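Residue-level listing of the chains:
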Amino acid sequence: MTASAAPLSAPDLSGRTAIVTGGSRGIGKAIAKAFVDQGASVMICSRNEESCAEAAAEIGGSVAYEQAHVAHDDDIERVVEATMNRFGSIDILVNNAATNPYAGPTIDVDIARWNKTIEVNLTAPLMWTQRVWERSMSNGGGAILNIASVGGLVTSPILGTYDMTKSALMHLTSQLAAELAPGVRVNAVAPGLIKTDFARALWEGDAGDQVAESYPLKRLGTVSDIASAAVYLCSDASGWVTGQSLVLDGGGLVSFGNLS
Ligand SMILES: NC(=O)c1ccc[n+]([C@@H]2O[C@H](COP(=O)([O-])OP(=O)(O)OC[C@H]3O[C@@H](n4cnc5c(N)ncnc54)[C@H](OP(=O)(O)O)[C@@H]3O)[C@@H](O)[C@H]2O)c1
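Calculation rules
- Residues numbered from 1 in each chain as written.
- Predicted model: local features only at pLDDT ≥ 70, side-chain atom pairs only at ≥ 80, totals over all residues.
- Heavy atoms only, no water.
- Helix = DSSP H or I, 4+ residues; strand = E, 2+ residues; numbered from the N terminus.
- Rg over C-alpha atoms; globule rule 2.2 N^0.38 Å.
- Buried < 20%, exposed > 50% of the residue type's maximum accessible area, 1.4 Å probe, protein only.
- Salt bridge = Lys/Arg side-chain N within 4 Å of Asp/Glu carboxyl O.
- Expected span 1.5 Å × (residues − 1).
- Contact = heavy atoms within 4.5 Å.
- Polar contact = N/O pair within 3.5 Å; in protein donor to acceptor, adjacent residues only side chain to side chain.
- Phe/Tyr/Trp six-rings, centres within 6.5 Å; stacked < 30°, edge-to-face > 60°.
- Core = buried A, V, L, I, M, F, W, Y, C linked by side-chain atoms within 4.5 Å.

Draft legend 1. Here's a closer look at the overall build of the chain. Looking only at helices and strands, one finds 9 helices and 7 strands in the chain. In summary, the chain has a C-alpha radius of gyration of 18 Å against a globular reference of 18 Å for 260 residues, a match within 12%. The C-alpha extent of the chain, read off along each of the three principal axes, is 55 × 45 × 35 Å. Counting only residues that meet the buried cut, the chain has 48% of its 260 residues in that class.

In structure tokens form, the structure reads like this:
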């Protein structure tokens, strides 16, 4: 006799509330839109209120916005309170906003930019997680998604400082997954090159074509590639997945060039 199969969980987010940091453009905006499309209410934030307002209008549906610097404690508290007041719970947190103020060998980085990179890319996701845990998830449970980078798994001649923060973010993901289970799942995605403002210097001109050619799947990523993984990792469809970093890079990491 075989056990009957459990029903499949579709990635439905009805009734859930999410905060997406850096939701005014690029990957964050695409994730916010995908969440709303799956039935969630979403709070987006970024440093620029006007671009948040424009993004919210574009996303439509149950979306709110607040101006916030992702690493400022007062701003975090204000956004969390505004989300609780407006929607009543925080079931999903996406730590998406990041910075990359320095390009060059890590041996030469000035400590101001080193600290800034750590503050925004690593300390801020921890601060948001702490606040959301205290305010909602320690009682109500939830799912947290950290946007890391495939760069966190390799070395680079120019992105080593940024990549180091993403590597640490992936470890923080596993650490918090162990600490916050069983109520809260914590996962990450590690994207390869996506055509957004953030990565413009890496794909402008014919640089992007060269990177795309080096990927086994022969194209750069899109914000939708990341958003669909985010919906999966923040919904019950991934209910037995925690502490993982999902590489989304068109196979770049496993291409023969990287293994030689
Ligand atoms: N694009 C890629 O190829 C790529 C690859 C791997 C990983 N990633 C990661 O994906 C995430 C999103 O990147 P993206 O490419 O979508 O970038 P993007 O298009 O430049 O969007 C970044 C978003 O974060 C906000 N932001 C930046 N600094 C902030 C701060 N200090 N406080 C609050 N909000 C802030 C921006 O708005 P304001 O500037 O108005 O604040 C914007 O909404 C980042 O974690 C990045 O490291 C990107």
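So, next bit.
Draft legend 2. A look at the pattern of salt bridges. This structure, assessed with the given rule, holds 15 salt bridges. Asp236 is paired through a salt bridge with Arg16; the nearest N and O atoms lie 2.8 Å apart. Note that Asp236 is positioned in the loop between α8 (223–234) and β7 (245–248) and Arg16 in the segment before β1 (17–21), a separation of 220 residues in sequence. Residue classification places Asp236 among the partly exposed residues on the basis of a relative accessible area of 46%. Between Asp37 and Lys33 there is a salt bridge whose closest N-O contact spans 3.0 Å. Pair noted here: Asp37 and Lys33 are both in helix α1 (residues 26–37), with a separation of 4 residues, about one helical turn. Given a relative accessible area of 32%, Lys33 falls into the partly exposed group. Several salt bridges share partner residues, and in doing so they unite Arg25, Asp197, Arg200 and Glu204 into one network.

Draft legend 3. α8, seen in detail. Here α8 contains 12 residues, and its C-alpha end-to-end distance of 16 Å stays within 8% of the 16 Å for a straight helix at 1.5 Å per residue. Regarding α8, the residues found buried are Ile226, Ala227, Ala229, Ala230, Val231, Leu233 and Cys234. Residues of α8 that are buried in the fold lie against α1, β4 (92–95), β5 (142–147), β6 (184–191) and β7.

Draft legend 4. Broad picture of the side chain of Asn146. Relative to the elements of secondary structure, Asn146 occurs in strand β5. Look at Asn146 and you get buried, because its relative accessible area is 1%. A distance of 3.0 Å separates polar atoms of two side chains, one belonging to Asn146 and the other to Thr173.

Draft legend 5. Main features of the packing of aromatic side chains. Tallied over the entire structure, the rule returns 1 aromatic pair. With 5.7 Å between their ring centres and 45° between their planes, Tyr162 and Phe198 make a pair best called tilted. Separated by 36 residues along the polypeptide, Tyr162 in helix α5 (residues 160–180) and Phe198 in the loop between β6 and α6 (200–203) bring together distant segments of the chain. Classification of Tyr162 by relative accessible area gives buried; the value is 9%. Overall, Phe198 belongs to the partly exposed group, its relative accessible area being 45%.

Draft legend 6. Inspection of the environment of Glu58 at higher detail. Among the secondary structure elements, Glu58 is positioned in helix α2 (residues 49–59). In this structure, the C-alpha to C-alpha distance between Glu58 and Lys33, residues 25 residues apart in sequence, is 8.7 Å. One polar contact links Glu58 to Lys29, side chain to side chain, over a distance of 3.1 Å.

Draft legend 7. Region of the structure containing the nonpolar core. Counting 32 residues, the largest nonpolar core has Val20, Ile31, Phe35, Val42, Ile44, Val94 and Leu145 as the members making the most contacts within it. Breaking this core down by element, the ones donating at least two residues are β1, α1, β2 (41–46), α2, β4, β5 and α8. Beyond its immediate sequence surroundings of up to four residues, Val20 is in contact with Gly28, Ile31, Ala32, Phe35, Val42, Met43, Ile44, Cys45 and Val94. Of all hydrophobic cores here, the second largest spans 31 residues; its members include Val70, Ala82, Val132 and Met170.

Nothing here speaks to function; it is geometry throughout.
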